Each structure stands twice: as C-alpha cells, then as structure tokens.
Amino acid sequence: MTSRDHATYIMKIAIYSRVSTDSQDATNQLLQLRQYCAQQNWTIVYEYVDVASGGRADREQLQKMLADAAKHRFDAVLTWALDRITRQGALATLEYLKRLNSIGIKFVSFSEPYINTVGPLGDGIIALLGCFAKMEKDRLKERTLAGLAKARAEGRVGGRRKVISDAEREHIQQLRTAGFSLGQIAAQTGHKKSTVHLALRTVA
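Remember, predicted model here, so these are calculated numbers, not experimental data. (Residues numbered from 1 in each chain as written. Predicted model: local features only at pLDDT ≥ 70, side-chain atom pairs only at ≥ 80, totals over all residues. Heavy atoms only, no water.)

1. Focus on the overall build of the chain
- When its secondary structure is counted, the chain shows nine helices and four strands.
- Counting only residues that meet the buried cut, the chain has 42% of its 204 residues in that class.
- For the chain, the share of sequence-separated contacts (at least 6 apart) that also reach a separation of at least 24 residues comes to 69%.
- Carbon and sulfur atoms provide 53% of the accessible area of the chain, an area that totals close to 11400 Å². (Helix = DSSP H or I, 4+ residues; strand = E, 2+ residues; numbered from the N terminus. Buried < 20%, exposed > 50% of the residue type's maximum accessible area, 1.4 Å probe, protein only. Contact = heavy atoms within 4.5 Å. Areas by Shrake-Rupley, 256 points an atom, 1.4 Å probe, with all protein chains shown as cover.)

If you want it as structure tokens, here you go:
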C-alpha cells in the first residue's frame, strides 16, 4: 500500500455487542458505537449481537465474529467494554485479544479508551494486559490453595449441589484456566467432580 493509499484508507470495523438477557436491550450500546465510528471516519461492515451470559464461550455471534476475523473481513473489533467479550476474567480476555492480534485484527473498547490496539502502542497494551492476567492467576491460586487447605481441615471432599449459577460456572472456569484439577476445583467449590466437568463443558 502506497503512502497515498494509506492516507485515504478507511478502516473497516466489526461491532460486537452483548446483553445477558432478553429483557435487556443492546440498542443504546449500538447507537453510541455507531456514532463513535462515524466520528473516527471508520466504516462499519458487520454488527454482531449476542443475548447470552458473558461466561459462555459458545455464543453464536461471538464465534461468527471470530470466524470472520480469521477471514480478514474487517480490520478491527469495537465493543462497549471488555466484559462484553467475556466475563471469564483477565486470563480469558487476554486470550481473545491475543487471538485477534495474532491474525492482525485490532481491538477497541469504547468505554475503556486505554484498551486500544489500533495505534502504535497496541503490542504494549497486550503485554500490559498479560501482566494483569498473571497477577489475577497468582491471586486466584493463592485463594484456592487456602480454600483447599480449609476444606481438608474440615474433612470436606465436595458437596452434593447439582444446580450451579452463572457466577459459579465462571468461577469454575477461572480455576480450570489457572491450572487446577477437577478434584481440586470440586473440593474448593463444594461440587461433585461430575458437576464440575459438566460446568466446564457448558462454557467450553
């Protein structure tokens, strides 16, 4: 691309929006994101909207966005905030950004202007998020090991609860991402190993 072409190039944007329930509406998010693109002179080529928990990785529109990103159908992804992509913690968030970055797709968070990989500091942003993710992982391990020690002292080897909430499911996913075994997660959360396994399959 020549310098003249670069000067006149208009970046192609994919908007990704998510709300948790049918009672919520993504309209306000989309309106502000569209306005922001107009201000930046960016062209919106795709809009992806999911109605699902941020703890689920199998969201239809999220997966479609990632598939289209791999085909280079746009230059960057714009979303309202990082938690619209995932609520599975810093580690999972970082993996999504690294995945996009590895194929040359930029990322912009509207409400978190410091999360912007479009400019020359893009690689630095990814590295900084990596540091935050590592700190989160270390803190999670410390809390979990303390919880396991307490469970052993109390003679607990897992509970009998079968129904788990989205928050518990996200916590289980975070523990698994941090490297804990199914048995350790079961002891920490009070669920059976089979329940933990099912929860992980649900968010996989």
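2. Comments concerning helix α7 (residues 166-177)
- Counted at 1.5 Å a residue, the expected span for α7 with its twelve residues is 16 Å, and the 16 Å between its end C-alpha atoms agrees.
- Of all the positions in α7, only Arg169, Glu170, Ile172, Gln173 and Leu175 are classed as buried.
- Downstream of α7 by a residue or two, Gly179 has a phi angle that is positive, lying close to 105°. (Expected span 1.5 Å × (residues − 1).)

3. Comments concerning the pairing of strand β1 (residues 12-19)
- Burial runs high along β1: seven of the eight residues are buried.
- Direction of pairing for β1 relative to strand β2 (residues 43-51): parallel, over a ladder of eight bridges. Bridging across to β2, Arg18 finds its partner in Asp50.
- Note: β1 against strand β3 (residues 76-79), four bridges, orientation parallel. The partner of Tyr16 across the bridge, within β3, is Thr79. (Pairing = 2+ DSSP bridges.)

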